[in-house]
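# Observations on the three-dimensional arrangement
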Amino acid sequence: MLVLVNLTLDPILVYYVLLGCLICFGIANGTAQASLFTIFSNSIPTGTRSSWMTWDRIIFFCGSMSGPVVAITILRIHGNQWDVSALTLPLSIGLVCIAISAIISFFVQEQWTLSVESDNVQEELRKRGKKAKKCFCFNSDTHIPYLVVFRDILGGLASGMTIKFFPLFFEQIVKLDPVSLQVNYLCSTIALAIITYAVKLLADKIGRVPSILISTYLGISLGWTLAFGKYYFWDVSWAVCLIWVLRTAFMNCTVPLSKSILNDYTNKESRNTWNSFESISSFGWSGSAVLGGWMLDKLGYEWVFIITFGLQLVMTIPVWILLFLVPGKETAVAVDIPSAGEQIETFFDNSGTTLDNSDDSFSSRDFTRKR
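Residues numbered from 1 in each chain as written. Predicted model: local features only at pLDDT ≥ 70, side-chain atom pairs only at ≥ 80, totals over all residues. Heavy atoms only, no water.

## Here's the deal with the overall build of the protein
Along the protein, the regular secondary structure elements total 17 helices and two strands. Residue burial in the protein is summarised as follows: out of 371 residues, 40% are buried. Considering only contacts in the protein between residues 6 or more positions apart, those separated by 24 or more positions represent 81%. (Helix = DSSP H or I, 4+ residues; strand = E, 2+ residues; numbered from the N terminus. Buried < 20%, exposed > 50% of the residue type's maximum accessible area, 1.4 Å probe, protein only. Contact = heavy atoms within 4.5 Å.)

## Some points on the pattern of salt bridges
Under the counting rule described, the total for this entry stands at six salt bridges. A salt bridge links D152 to R151; the nearest nitrogen and oxygen atoms lie 3.0 Å apart. Since its relative accessible area comes to 12%, D152 is described here as buried. By relative accessible area, which is 8% here, R151 ends up buried. A salt bridge links K230 to E302, with the shortest nitrogen-to-oxygen separation between them at 3.8 Å. Of this pair, K230 sits in the loop between α10 (208–228) and α11 (237–252) while E302 sits in helix α14 (residues 301–314); the two residues are 72 residues apart in sequence, bridging distant segments of the chain. Linked by salt bridges that have partners in common, R49, R208, D264 and E330 make up one network. (Salt bridge = Lys/Arg side-chain N within 4 Å of Asp/Glu carboxyl O.)

## Here we look at the packing of aromatic side chains
What the rule picks out here adds up to 17 aromatic pairs. Ring pairs connect the aromatic residues F166, F169, F170, Y185, W234, W244, Y301, F305 and F309, which therefore count as one cluster. For K259, the ring lying beneath its charged end belongs to F37, and the centroid distance is 4.7 Å. (Phe/Tyr/Trp six-rings, centres within 6.5 Å; stacked < 30°, edge-to-face > 60°. Lys NZ or Arg CZ within 6 Å of the ring centre and 35° of its normal.)

## Quick notes on the packing of α10 against helix α12 (residues 255–264)
Axes are the key here: two packed helices are described by the angle between their axes and the distance separating the axes. Where α10 contacts α12, the axes come no closer than 10 Å and their chain directions differ by 145°. The two elements α10 and α12 meet at a crossing, and its hand is left-handed. Within the contact between the two elements, α10 uses R208, V209, S211 and I212 and α12 uses L257, S258, S260, I261 and D264. Looking at side-chain class alone, the contact of α10 with α12 contains four nonpolar, three polar and two charged residues. (Axes fitted to C-alpha atoms, helices over the stretch in contact; angles between N-to-C directions. Left-handed = near helix turned anticlockwise from the far one by under 90°. Nonpolar A, V, L, I, M, F, W, Y, C, P; charged D, E, K, R; others polar.)

## Considering the environment of T189
Considering the arrangement of structural elements, one finds T189 in helix α9 (residues 178–206). Those residues within four positions of T189 in sequence are excluded, and the remaining contacts are F61, S64 and M65.

## Re the nonpolar core
With 62 residues, the main nonpolar core has F169, F170 and F305 as its most contacted residues. Ignoring anything within four residues of it in the chain, the contact list for F305 reads T162, F166, F169, L226, A227 and W234. (Core = buried A, V, L, I, M, F, W, Y, C linked by side-chain atoms within 4.5 Å.)

## Thoughts on α12
Counting buried positions along α12 gives nine out of ten residues, so the element sits mostly inside the fold. Along α12, the residues that are buried comprise P256, L257, S258, K259, S260, I261, L262, N263 and D264.

## Examining a nonpolar patch on the surface
On the surface, L299, W303, I307, L311, V314 and I317 cluster together to form a nonpolar patch covering roughly 530 Å² of accessible area. The element best represented in the nonpolar patch is α14, accounting for four residues. Within the secondary structure, I317 is located in helix α15 (residues 317–323). (Patch = residues over 30% accessible without salt bridge, like charges linked within 9 Å, V, L, I, M, F, W, Y side chains within 5 Å. Areas by Shrake-Rupley, 256 points an atom, 1.4 Å probe, with all protein chains shown as cover.)

## A few points about the environment of I243
Considering the arrangement of structural elements, one finds I243 in helix α11. Residue classification places I243 among the buried positions, given a relative accessible area of 13%. Along the chain, I243 and T225 lie 18 residues apart, while their C-alpha atoms are 7.9 Å from each other. Among residues more than four places away in sequence, those in contact with I243 are L222, T225, L226 and F233.

## Observations regarding the packing of α9 against α11
The interhelical angle for the contact between α9 and α11, taken along N-to-C directions, is 40°, at an axis separation of 8 Å. Taken as axis vectors, α9 and α11 run oblique relative to one another. Classified by chirality, the crossing of α11 by α9 is right-handed. Contact residues: N184, Y185, C187, S188, A191, L192 and I195 in α9; C241, W244, V245, T248, A249, F250 and N252 in α11. For the contact of α9 with α11, a count of residues per class yields ten nonpolar, four polar and no charged. (Parallel < 35°, antiparallel > 145°, perpendicular 65-115°, else oblique.)

## Notes on the side chain of S288
Secondary-structure assignment places S288 in helix α13 (residues 271–299). Judged by relative accessible area, which is 7%, S288 ranks as buried. Those residues in contact with S288 that sit more than four places away from it in its chain are G156, L157, G160 and M161.

## Here's the deal with the confidence of the model for the protein
Across the protein, the average pLDDT comes to 81, with 82% of residues at or above 70. Low pLDDT, under 50, characterises residues 1–7; the predicted model gives this stretch twelve contacts beyond four residues in sequence or across chains. This stretch, residues 355–371, has a pLDDT under 50; its non-local contacts, to residues over four places away or in other chains, come to 17 contacts. (pLDDT = per-residue confidence, 0-100.)

## Things to note about the environment of C187
Note that C187 resides in helix α9. The spacing of C187 and C241 is 54 residues in sequence and 9.2 Å in space, taken between C-alpha atoms.

Written out as structure tokens, the structure reads:
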């Protein structure tokens, strides 16, 4: 449909049609992703979420690599130019892939999720007699989800000011052609997959929150390097691309860790609500993009970058509080699993067979002793 619209209608009408399509796509994506992710989280035993979510993220990045590869192939065939007709085909292929993934989602059932094995951490710590940790007026029983979501919203507002304009920056300032830009995005996706795995290994050693802080500060430092490099290396395309790739990787590789913390400290009944707050973060991207576009016209890329990465520095404040509330090691929920003998007794009870301790009867206790 978008191909026909692009070819037959007035450009202004095309623009508004595309706006409407993107709004509908954003609503559908925000609604579906939160529910799907909650089902995924409820299917993971507590204490192992960061590992599962890390591999889920890496697999997502591996799939994302196909996008730039397809785009590079098509652009090489149709001409390496910023042309609507050449860019429409990659967009259409991407939409077809999204439609296929939406069909697969119909086969995901909430009834297949785990029970107490995926419960929240607070209940398990209470059973062990451990008191809630405190930092100022915050405690680990109540405030961890609020701090994680607040960090995500701040990050979304900050990132939205520039993330939408990086393609323009590479086209107008760095002078990248379409194929080079896609190669840049391909490299960033590969770097994201590698650094996401590396940060998970680091989290296993020093904890999730310290790993988030280290990675975030590295990303912010690289961002400021990019911002202040206007008079030094903005005319050196490979240097700009390298710094941007590493900055993007370090700033986005901690998503599995933060999401695992959020889902560890929310109960199953409210997890979908908390995961839905990610949609608010995405909405913040769109809202701050308007402000970022206005600032870009008035101040230029340099100052927009400086302000953005300064706001990203502010989003680390809630993470410092989490450092004192979230244990370094993930807490697993202990589940009482019946012994083999108890399971056999239950089986015979359900089948109507009576068990006693006479010598000629079958005893589950004898069975467990002799095997």
